[in-house]
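Secondary and tertiary structure notes
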Amino acid sequence: IEYLLQHSSVFYLLLVILFVSSVNGANQLHIGGIFPIAGKGGWQGGQACMPAAKLALQDVNENPDLLPGFNLTLHSNDSECEPGLGASVMYNLLYNSPQKLMLLAGCSTVCTTVAEAAKMWNLVVLCYGASSPALSDRSRFPTLFRTHPSATVHNPTRIKLMQKFGWSRVAILQQAEEVFISTVEDLETRCKDAGIEIVTRQSFLSDPTDAVRNLRRQDARIIVGLFYVVAARRVLCEMYKQQLYGRAYVWFFIGWYEDNWYEVNLKNENISCTKEQMKMAAEGHLTTEALMWNQNNQKTISGMSSEDFRKRLNAALTTEGYDISHNRYPEGYQEAPLAYDAVWSVALAFNKTMQRLTEQNSGKNLKDFTYTDKEIANAIYAAMNSTQFLGVSGVVAFSSQGDRIALTQIEQMIDGLYYKLGYYDTQADNLTWFDKEKWDGEKVPQDRTIVRRVLRTVSLPLFICMSTISSFGILVAITLIVFNIWHRHRRVIQSSHPVCNTIMLFGVIICLVSVILLGIDGQFITAENYPKVCQARAWILSTGFTLAYGAMFSKVWRVHRFTTKTKTDPKKKVEPWKLYTMVSGLLAVDLVILLTWQMQDPLQRRLETFPLEDPISSNDDVKIRPELEHCESHNNSVWLGVIYGFKGLILVFGLFLAYETRSIKVKQINDSRYVGMSIYNVVVLCLITAPVAMVIASQQDASFAFVALAVIFCCFLSMLLIFVPKVIEVLRHPKDKVESKFSNDTGISKEDEERYQKLISENDDLQKLIAQKEDKIRLLKQRLTERETKNPAQPFNESANGTTVGGVQFNRSSSTALAQK
């Protein structure tokens, strides 16, 4: 004090400063600011928005026509885009003097917390960087306004682009934040109304790895991504790892990221991808954003154009250490005009409120506002609701929900830079398009993999080969039928029952025809006619088998009956009608089963689909979906069980009879042994073919070849065993007598063979005895002649039939007959 009294000039100067400060403090209008700046997640747009707000405060306070006699002061702190920290900042602003008239906030999560609580203090909240659609709820946020358009403003634009490029199938990847959840709900509703399918909706909290992998599994091609920029970098890196970028994919990102967002903070955020990889993955993606910079180079309410503001902002950011000259922009640079215009909105609303309070002669002033004063709070709300001006972000006006009304801008990243593709006016439904889009592959990507259905058919060379062999077998069978009929009077044919043989050959022909039908598929007939082929296959193969196998079965059955009935007359002939009746009975059972099957549950065409395959050569985004035709009915397993059960019983019984009669031959059926051998082969092949064919049914060539070869082998083997011996016998012995004498199939049993050998041995002994007798007779004749010569009186009598010596007569014819016997 002594010093000040000695230096009066300094004392007076200090008094002036204190007076001016007190006067200015009395004329200050205080507002609170909550800026996200130094956080590690979410939107840290305060880095650029806070310098913009400071520029706006400077311009507002320098404007003599705005808030005359008052200065607008901003008290702010960092919320880091954390709701809890934002609430703490808000309480510090409110409970620490001076009194705040309004709050500015950024980041949707923080704005949600602040706006929901601020109504308790009758405070209007103006958000410069909050796009959550949830904030449009007036019942929940009655005092909220925002210069940032709602995130739902992007959805009509996205729908418009999808319709423009013909995309009707999209996927959604979102961060689990309220702003994005509510945006997705609105997008889903709009997609449903537009007939666009949302194939999958994946969400994540912080790590998008699993969500991006699921997109690949779902074959997502057009993907809408909704997340903050920090999460966007993680998503982009995972996109690169999963190869979800390039010519086959289109990503929609939020447009308020900075231009170089994909290559900054990679090390700080532990992103494992390089800048080149991130740039590669980001190439070609689309962005939609509300216009945050005035597109016309006209003067705004501040006296600047948007370009003038950009220059001032760049200079301010450069002063704060940002490398603007090399396009290193801080986060929130795109939203900076919104923060600038937000301060102007506050100033204009306060100015209008002051005028209304003056006009009302209520004696109140903005300085008199307290957190319980609803009258001034309502006046501020009404003034803000009616605010409209041209700012650096465009025309600033608010809807009844407090949302900013704005156009939407569409951009695409081409060669690492964003290019404007057009604008969309939601209210007028007007899309302005510049035709500057660029797609990898020079064409619009598809919204899904084009799946070309390719029908797997039997190989044509294989079908021709099997058909040729079957046709040859049919000709052989027809030739044998002619042979069988032509030589039916021959004993070797008669004894084998030619009618049964003919039935068997007809069955063989039908079976061979079924081989051709088995190879007829979609390459020859239409899908409408395929069920007819299915029915024909079942009928022809079943009846052909019954005729061929039934004829052989009836023969071996009769052989078994001959050997087991002890009282059977061995000379009794086999009655043919019994053989034919058995074949007819088996055929009747087949017809009943097949008719019931066809009437109750007919066979239809069913397609078996296989996993997608890559085409051999194609530049398109195409996958091959192989399909295979099958003949099936609703209860296919039941009907197959009935058929297989019936056929299986006959096969097993036939195998038993063939085994029982394996070494038996009867004169009435001279080819029973060959028939038994045929039955052996048929049974073995059927038991192998049926289960194997069911296992390899999905391999059309293998299945067809296996079944066709089994049928062909059975048919040829049966014809070979039964008819080749007959053909050889007829060719070797054209005459029936010689044939009957030398035929091996004359019905000689083992006992007859032994008796025959014994008779031959006895005949040889008798011939030797007769030869000895002849020698003795010749010797006796010689002696008689000599005696007669010496003694002519001895009687000697010789007749034409023999010689009598001493009363004994020797007859040559008897000797000869004995020798022949």
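Residues numbered from 1 in each chain as written. Predicted model: local features only at pLDDT ≥ 70, side-chain atom pairs only at ≥ 80, totals over all residues. Heavy atoms only, no water.

1. Details of the overall build of the protein
When you go through the protein residue by residue, the secondary structure sums to 24 helices and 21 strands. Out of the 821 residues belonging to the protein, those deemed buried represent 48%. Residue pairs at least 24 apart in sequence account for 74% of intrachain contacts in the protein once pairs closer than 6 positions are excluded. Within the structure as shown, the protein displays about 40700 Å² of accessible surface, and the carbon and sulfur contribution to it stands at 56%. (Helix = DSSP H or I, 4+ residues; strand = E, 2+ residues; numbered from the N terminus. Buried < 20%, exposed > 50% of the residue type's maximum accessible area, 1.4 Å probe, protein only. Contact = heavy atoms within 4.5 Å. Areas by Shrake-Rupley, 256 points an atom, 1.4 Å probe, with all protein chains shown as cover.)

2. Concerning the sheet that holds strand 17 (residues 604-609)
Strand order in the open sheet formed by three strands is 16-18-17, with mixed pairing between adjacent strands. Two strands close off the open sheet at either side, each with one partner strand: strand 16 (450-456) and strand 17. Sheet twist, expressed as the mean angle between neighbouring strand axes with direction ignored, is 35°. (Pairing = 2+ DSSP bridges. Axes fitted to C-alpha atoms, helices over the stretch in contact; angles between N-to-C directions.)

3. Observations regarding the UniProt feature "transmembrane region" (unreviewed entry) in the protein
In this numbering, the UniProt entry assigns the feature "transmembrane region" (unreviewed entry) to residues 460-486, 498-518, 538-557, 577-597, 638-659, 679-698 and 704-724. Helix makes up 100% of residues 538-557 and strand 0%, whereas the separation of the span's terminal C-alpha atoms amounts to 27 Å. As annotated, residues 704-724 has a helix share of 100% and a strand share of 0%, and its two end C-alpha atoms lie 29 Å apart. (UniProt positions renumbered as here; feature names shortened; annotations may be inferred.)

4. A look at the packing of aromatic side chains
In this structure the tally under the stated criterion is 32 aromatic pairs. Geometrically, the ring pair formed by F309 and Y340 is tilted, given 4.8 Å between the ring centres and 50° between the ring planes. With a gap of 31 residues between them, F309 in helix 11 (residues 306-319) and Y340 in helix 12 (residues 336-360) connect regions that are remote in the sequence. For F309, a relative accessible area of 0% gives the class buried. A relative accessible area of 1% places Y340 in the buried class. Measuring from centroid to centroid gives 4.3 Å for Y329 and Y333, while their planes differ by 35°, and the two rings are tilted. Taking the ring centre of F165 as reference, the NZ or CZ of K164 above it sits at 5.8 Å. In this arrangement the basic side chain of R456 is found over the ring face of F610, its NZ or CZ atom lying 4.1 Å from the centre. (Phe/Tyr/Trp six-rings, centres within 6.5 Å; stacked < 30°, edge-to-face > 60°. Lys NZ or Arg CZ within 6 Å of the ring centre and 35° of its normal.)

5. Observations concerning the packing of helix 14 (residues 460-486) against helix 21 (residues 700-732)
Packing of helix 14 against helix 21 brings their axes to within 10 Å, and their N-to-C directions diverge by 25°. What the angle tells us is that helix 14 and helix 21 run roughly parallel. Between helix 14 and helix 21 lies a crossing whose hand is left-handed. Contact residues: helix 14 offers L462, F463, M466, I469, S470, F472, G473, V476, A477, L480, F483 and N484, while helix 21 offers D701, F704, A705, A708, L709, I712, F716, M719, F723, K726, V727 and V730. The residue inventory of the contact of helix 14 with helix 21, partitioned by class, reads 19 nonpolar, three polar and two charged. (Parallel < 35°, antiparallel > 145°, perpendicular 65-115°, else oblique. Left-handed = near helix turned anticlockwise from the far one by under 90°. Nonpolar A, V, L, I, M, F, W, Y, C, P; charged D, E, K, R; others polar.)

6. Description of empty space enclosed by the protein
One pass over the full model with this rule turns up five cavities of 30 Å³ or more. Approximately 70 Å³ is the volume attributed to the largest cavity. Around the largest cavity sit W43, C107, S108, G129, A130, S131, H148, Y228, W256 and E335, which together line it. When its residues are assigned to classes, the lining of the largest cavity shows five nonpolar, four polar and one charged. (1 Å grid on protein atoms, 1.4 Å probe; cavity = no way out; pocket = protein on both sides within 12 Å on 5 of 7 lines; lining within 4 Å. Points joined across faces, edges and corners; volume = space filled by probe spheres on them.)

7. As for helix 14
For helix 14, built from 27 residues, the straight-helix expectation of 39 Å at 1.5 Å per residue is met to within 8% by its first-to-last C-alpha distance of 38 Å. Residues of helix 14 that are buried include every one of F463, M466, S467, S470, G473, I474, A477, L480, I481, F483 and N484, and no others. (Expected span 1.5 Å × (residues − 1).)

8. Here's the deal with unusual backbone geometry
Following S97, the chain continues into P98 via a peptide bond in cis, with omega recorded as 5°. Residue position: P98 is located in the loop between helix 4 (83-95) and strand 3 (102-106). Of note, N265 is a non-glycine position whose phi angle comes to about 60°, a positive value. Position of N265 relative to the elements: it lies in the loop between strand 9 (250-254) and helix 10 (275-282). Judged by its relative accessible area of 38%, N265 is partly exposed.

9. Overview of the nonpolar core
L67, L72, L173, W251, F309 and F350 are the most contacted members of the largest nonpolar core, which totals 143 residues. It is helix 12 that provides the largest number of residues to this core, a total of 13 residues. In this view, W251 contacts L173, L215, I223, V235, M239, L244, H285 and L286; residues no more than four positions away in its chain are not counted. Within the second largest apolar cluster, 53 residues are counted, among which are I520, Y530, L685 and I712. (Core = buried A, V, L, I, M, F, W, Y, C linked by side-chain atoms within 4.5 Å.)

10. Focus on the sheet that holds strand 5 (residues 144-146)
The five strands are arranged 2-1-3-4-5 in an open sheet whose pairing can be described as parallel. In this open sheet, the two edge strands, each paired with only one partner strand, are strand 2 (71-78) and strand 5. Between one strand axis and the next, the sheet turns by 25° as a mean value, whatever way the strands run. As paired strands, strand 1 (residues 28-35) and strand 2 are joined by eight bridges and run parallel to one another. The partner of I31 across the bridge, within strand 2, is L74. Contacts between helix 12 and the sheet are confined to strand 1, strand 2, strand 3 and strand 4 (124-129), with strand 4 contributing the most and set at about 160° to the helix.

11. A few points about the state of the cysteines
The tally for this structure, following the rule as stated, stands at four disulfides. The disulfide partner of C111 is C127, and the gap between their sulfur atoms is 2.5 Å. Note on the C111 and C127 pair: the S-S dihedral is about -130°, so by sign convention the disulfide is left-handed. A residue pair is termed long-range when its members are at least 10 positions apart, and C111 in helix 5 (residues 108-118) and C127 in strand 4 qualify at 16 residues. Each of the two residues, C111 as well as C127, counts as buried. Shown here for the protein is a disulfide pattern of 1-2, 3-4, 5-6, 7-8, where each number marks a bonded cysteine counted in sequence order. (Disulfide = S-S within 2.5 Å.)

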